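# Observations on the three-dimensional arrangement
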Amino acid sequence: MTAIVSDATYDVVIAGASFAGLAAAQRLHGRTLLLDKAPLGDNQTSACGAPRSTVRAMGAEASIQQVHDALVLHTPRREALWPLPEPFCTFDYRRFCELAFARTAAEFRQATVVRRNGHSVLTGDGEVAGRLLVDATGWRAVLAGGPASGYVNRRMMAFGIETEIAVDFPPGLHFYFLPEVRDGYAWAFPCGETVRFGVLSYLGRTKLGDGLSRFLARFNLQMREIHGGYLASGLRAPVVDNVFVAGDASGQCLPLTGEGIRTAVLAGFRVGELLQRVLDGEATFAQAAADYTAFTADARRRFRALTWGNIALLLMPLRLTGAAAAYLSRPGPLSGFMRHYLGIFADASPAPSPVLR
Ligand SMILES: Cc1cc2nc3c(=O)[nH]c(=O)nc-3n(C[C@H](O)[C@H](O)[C@H](O)COP(=O)(O)OP(=O)(O)OC[C@H]3O[C@@H](n4cnc5c(N)ncnc54)[C@H](O)[C@@H]3O)c2cc1C
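Reference entry: report on the structure contained in this document. Since the structure is predicted, the reported quantities are computational estimates derived from the model, not experimental observations. (Residues numbered from 1 in each chain as written. Predicted model: local features only at pLDDT ≥ 70, side-chain atom pairs only at ≥ 80, totals over all residues. Heavy atoms only, no water.)

### Things to note about unusual backbone geometry
As a reminder of what qualifies: A run of H or I in DSSP becomes a helix once it reaches four residues, and a run of E becomes a strand once it reaches two; helices and strands are each numbered from the N terminus. Three exposure classes are used, based on accessible area relative to the maximum for each residue type with a 1.4 Å probe and protein chains only: buried under 20%, partly exposed in between, and exposed over 50%.
Look at Ala141: it is not a glycine, yet its phi comes out positive at around 45°. Checked against the element boundaries, Ala141 lands in the loop between β9 (126-135) and β10 (157-166). Of note in this structure, Asn220 is not a glycine but carries a positive phi near 55°. Residue placement: Asn220 occurs in the loop between α4 (209-217) and β14 (226-232). Relative accessible area serves as the criterion here: at 74%, Asn220 is assigned to the exposed category.

Take a look at the structure:
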């Protein structure tokens, strides 16, 4: 690994080269450095289900494995079909990252970020300076404070694991509310030849192996390799000192559903656009920070509603969850819910990024 040269100054240093970091980099044409502790596309945590428009906006359509027109909600006695107002898809994470990176003008370096020191980023391989800094390191928020700081509120974090198995499965994104994961849900996301089966605890419980095994036993399947991690919700401060924070690092993963790719990409785009305006002399740092703060504040009411939905779901008996899912599958209630849900961060520009490389 090449050591980072300490006297090199970048226009923007982005810590974390996943959804939020790559989206921000796509909107920046200055001298940009993307840092990640893992090789690009190596660190998949997610089931990689997202709106097709989000994947397209990142220029990563070729990573799509399967397109889905509906959510299917299962409880022990009922099944409810929720047609989606726009198609979702499942995609290959590594391919997604490679395609998204190809649309940036950024350099990539593999290095573990330790913390920030003013305008410098300290890594395991040396120090690097940036006029502007972006934290897109996921739930740990390494530049904004780090996992042990007050910035990271562990009460607002769910935890999930999943395994990928080659098996035939009906189309749609399947969610299961079952006794084996009473404090969360299970899922089965078909992605072409394989299916990603996972379980999530809203309460951040990390011992989920037994729940996943019992869920898989319903399909006569056995666990293979697993991956996963924390999902950070709760909308943390979007700007900390001189750092713009995006994606899970800023608690932008949605409560209730655990969807965090769309929000990370849309917030990343907004961050990249605002910082480019600062670099171009069209806005001051303070104006860009105020704009990004307002952008996230606009979504706060919708986040709060999802948090209340999450709490209700935790308290509800499964019989009521099934009845609520069936009620919401009717066209009127479903379109109201989807408008609210898909409206989060919708004023970020989802237009495909230009190819900068
Ligand atoms: C099991 C599971 C399934 C999920 N399924 C879905 C789904 O289907 N759809 C959906 O929308 N959301 C899903 N989510 C949530 C989604 O994965 C996250 O919300 C999303 O990944 C957030 O993107 P991000 O770019 O903010 O952070 P991340 O994707 O977490 O990326 C953070 C990046 O920072 C890097 N990094 C971390 N620390 C350091 C460091 N110290 N130095 C350098 N680099 C560092 C990491 O290597 C990583 O590349 C799932 C989450 C889990 C755990």
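### Comments concerning the site of the ligand
To keep it simple, the criterion reads: In these notes, residues near a molecule or strand are those with any non-hydrogen atom within 4 Å of it. Contacts described as polar in this section are N or O atom pairs within 3.5 Å, which, within protein, must combine one atom able to donate a hydrogen with one able to accept it, while residues neighboring in sequence count only if both atoms come from side chains. Note on areas: Shrake-Rupley, 1.4 Å probe, and residue coverage restricted to the protein chains presented here. Residues are grouped as follows: Ala, Val, Leu, Ile, Met, Phe, Trp, Tyr, Cys and Pro are nonpolar; Asp, Glu, Lys and Arg are charged; every other residue, Gly included, is polar.
Of all residues adjacent to the ligand, which total 34 residues, the nearest are Ser18, Asp36, Gly49, Val113 and Asp248. Between an oxygen atom of the ligand and a side-chain N or O atom of Ser18, the distance comes to 2.7 Å. Burial of the ligand by the surrounding chains reaches 93%, relative to a free accessible area of 1000 Å². Looking at which element gives the most residues to the shell around the ligand, the answer is β14, with three residues. Its residues assigned to classes, the shell around the ligand comprises 15 nonpolar, 15 polar and four charged.

### Points about a nonpolar patch on the surface
Heads up, the condition is: A residue counts toward a patch only above 30% relative accessible area and without a salt bridge, and it is joined to like-charged neighbours within 9 Å or, for Val, Leu, Ile, Met, Phe, Trp and Tyr, to nonpolar neighbours within 5 Å. Here, a salt bridge means any Lys or Arg side-chain nitrogen found within 4 Å of an Asp or Glu carboxyl oxygen.
A surface patch of nonpolar side chains, about 380 Å² in accessible area, is lined by Trp308, Ile311 and Leu315. The residue Ile311 is located in helix α7 (residues 300-315) in this model. Under the relative-accessibility criterion, Ile311 is labelled partly exposed at 37%.

### Some details on the pattern of salt bridges
The final tally for this structure, using the stated rule, is 14 salt bridges. The partner of Arg218 in a salt bridge is Glu180, and the shortest N-O contact between them spans 2.6 Å. Here Arg218, found in the loop between α4 and β14, pairs with Glu180, found in the loop between β11 (173-176) and β12 (184-191); they are 38 residues apart in sequence, far enough to count as distant. Residue class for Arg218 comes out partly exposed when judged on its relative accessible area of 47%. Relative accessible area serves as the criterion here: at 10%, Glu180 is assigned to the buried category. Linked through salt bridges whose partners overlap, the residues forming this network are Arg31, Glu107 and Arg109.

### Observations regarding empty space enclosed by the protein
Our working definition: A pocket, in this scheme, is an open set of points on a 1 Å grid over the protein atoms alone with protein on both sides within 12 Å along at least 5 of 7 lines, while a cavity is a set where a 1.4 Å probe fits but cannot get out; residues line either one if an atom lies within 4 Å of a point. Grid points are joined across faces, edges and corners, and a volume is the space filled by probe spheres set on the points. An automatic or database domain assignment supplies the start and end points of every domain.
Inspection of the entire model under this criterion finds one cavity of 30 Å³ or more. Every residue along the wall of the largest cavity is listed here: Phe177, Leu178, Val181, Arg182, Asp183, Gly184, Tyr202, Leu313, Leu314, Leu318 and Thr321. Residues of the lining of the largest cavity, tallied by class, amount to seven nonpolar, two polar and two charged. Here the lining of the largest cavity gathers at least three residues from each of two domains, domain 1 (9-64 + 87-153 + 236-342) and domain 2 (156-231).

### Concerning the nonpolar core
Stated precisely, the cut-off is as follows: Only buried residues count toward a nonpolar core, which is a set of Ala, Val, Leu, Ile, Met, Phe, Trp, Tyr and Cys residues joined through side-chain atoms within 4.5 Å.
In this structure, Ile14, Met58, Phe91, Phe96, Phe244 and Tyr292 are the most contacted members of the largest nonpolar core, which totals 84 residues. Examining the composition of this core, we find that eleven residues originate from one element, helix α5 (residues 261-279), more than from any other. Residues from two domains meet in this core; each of domain 1 (9-64 + 87-153 + 236-342) and domain 2 (156-231) gives at least three. The next biggest cluster of nonpolar side chains, apart from the first, holds 23 residues, and it includes Trp139, Val142, Ala144 and Ala249.

### Some words on the packing of helix α1 (residues 19-26) against α5
Condition: For every element, the axis is a line fit to its C-alpha atoms; helices are fit only across the contacting stretch, and the angle between N-to-C directions ranges from 0 to 180 degrees. Each angle receives one of four descriptions, namely roughly parallel if under 35 degrees, roughly antiparallel if over 145, roughly perpendicular if within 65 to 115, and oblique otherwise. When the near helix sits turned anticlockwise from the far one by under a right angle, the crossing is termed left-handed; a clockwise turn instead gives a right-handed crossing. Contact between two residues is taken to exist if any of their heavy atoms lie within 4.5 Å; hydrogens are not considered.
Look at α1 against α5: their axes get within 7 Å of each other, and the N-to-C directions meet at 30°. One finds that α1 runs roughly parallel with respect to α5. Judged by the twist between their axes, the crossing of α1 over α5 is right-handed. Taken together, the residues of α5 that come into contact with α1 (itself represented by Phe19, Ala20, Ala23, Ala24 and Gln26) are Ile261, Ala264, Val265, Gly268, Phe269, Val271 and Gly272. The residue makeup of the contact of α1 with α5, split by class, is nine nonpolar, three polar and no charged.

Any functional reading would require information beyond the geometric quantities listed.
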